[in-house]
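Below are the chains, spelled out letter by letter.
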Amino acid sequence: MSRILVLNGPNLGRLGTREPDVYGSFTLVDLQKTLSAAAGSVEVDVRQTDSEPELMSWLFEAVDTKTPVILNPAAFTHYSYALRDAVAQVTKAGIPLIEVHISNPHAREEFRHNSVISAVATGVIAGFGQDSYLLALTQLTR
Ligand code: DQA
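Everything numeric here is computed off the predicted structure, so don't read it as measured data.

Describing the side chain of Thr77
Inspection of the secondary structure puts Thr77 in the loop between strand E3 (69–72) and helix H4 (81–92). For Thr77, the side chain forms a polar contact with the main-chain oxygen of Ala74, separated by 2.4 Å. Here Thr77 is in contact with Glu99, His101, Asn114, Ser115, Val116 and Ile117, once residues within four sequence places are set aside.

Laid out in structure tokens, this is it:
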């Protein structure tokens, strides 16, 4: 494997200033640097969008290029069947996709307890801050 896509959904472009008590103070730029440093020769491509169709188009790209994915679907986690169907196309093609969350959604408001993504993801990592992404990277590169 030479490349991993790290896809982030809505509001995650605001990391660093958004609810630091919940999401910490790291930014997407910090995340890109941390993951690239840990990935060695594997290229890490961190992206963020607030747009559901754009996020879906990146998942289609993962299918077409057979690229493993770390996905933080953010609020789409809880209600986007369209995103779920796109994720299923990735994993049913035999490409690993790990759902990650910075916070532990199960310890938060009730509406965050359900993920429509988890059942079609390869695995789920939540609650470890920026390290959720690092743990997912470790799993994909071992
Ligand atoms: C999140 C958890 C979601 O419930 C929330 O909507 C987010 C971020 C997380 O990383 O903890 O935007 O996915």
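Side note on the layout of surface pockets
Empty space among the atoms becomes apparent when a probe as large as a water molecule is rolled across them. A volume near 160 Å³ is recorded for the largest pocket. Lining of the largest pocket is provided by 15 residues; of these, Tyr23, Ala74, Ala75, Arg108 and Arg112 occupy positions nearest its centre. Considering only residue class, the lining of the largest pocket consists of six nonpolar, six polar and three charged.

Remarks on the nonpolar core
Core analysis: the largest hydrophobic core is formed by 23 residues, its most contacted members being Val6, Leu35, Ile70 and Tyr133. Of all elements in the fold, only strand E1 (3–8), helix H2 (28–39), strand E2 (43–48), strand E4 (97–101) and helix H5 (131–141) reach the threshold of two or more residues within this core. Discounting chain neighbours no more than four positions away, the residues touching Leu35 are Val6, Val44, Val46, Tyr133, Leu134 and Leu137. Listed in part, the 22 residues of the second largest apolar core include Leu5, Val69, Val90 and Val116.

What about the pairing of E3?
Residues Val69 and Leu71 point to one face of E3 and Ile70 and Asn72 to the other, with burial holding for every one of them. Sheet topology places E1 next to E3; four bridges connect them, and they run parallel. Among the inter-strand pairings, Leu5 is bridged to a residue of E3, identified as Val69. Examined bridge by bridge, E3 and E4 share three bridges and lie parallel to one another. Bridged to Val69 within E4 is Leu97. Each parallel crossover has a hand, and for E3 linked through H4 to E4 it is right-handed.

Scoring rules and cut-offs
Residues numbered from 1 in each chain as written. Predicted model: local features only at pLDDT ≥ 70, side-chain atom pairs only at ≥ 80, totals over all residues. Heavy atoms only, no water. Helix = DSSP H or I, 4+ residues; strand = E, 2+ residues; numbered from the N terminus. Polar contact = N/O pair within 3.5 Å; in protein donor to acceptor, adjacent residues only side chain to side chain. Contact = heavy atoms within 4.5 Å. 1 Å grid on protein atoms, 1.4 Å probe; cavity = no way out; pocket = protein on both sides within 12 Å on 5 of 7 lines; lining within 4 Å. Points joined across faces, edges and corners; volume = space filled by probe spheres on them. Nonpolar A, V, L, I, M, F, W, Y, C, P; charged D, E, K, R; others polar. Core = buried A, V, L, I, M, F, W, Y, C linked by side-chain atoms within 4.5 Å. Buried < 20%, exposed > 50% of the residue type's maximum accessible area, 1.4 Å probe, protein only. Pairing = 2+ DSSP bridges. Right-handed = clockwise from strand over helix to strand, strands pointing away.

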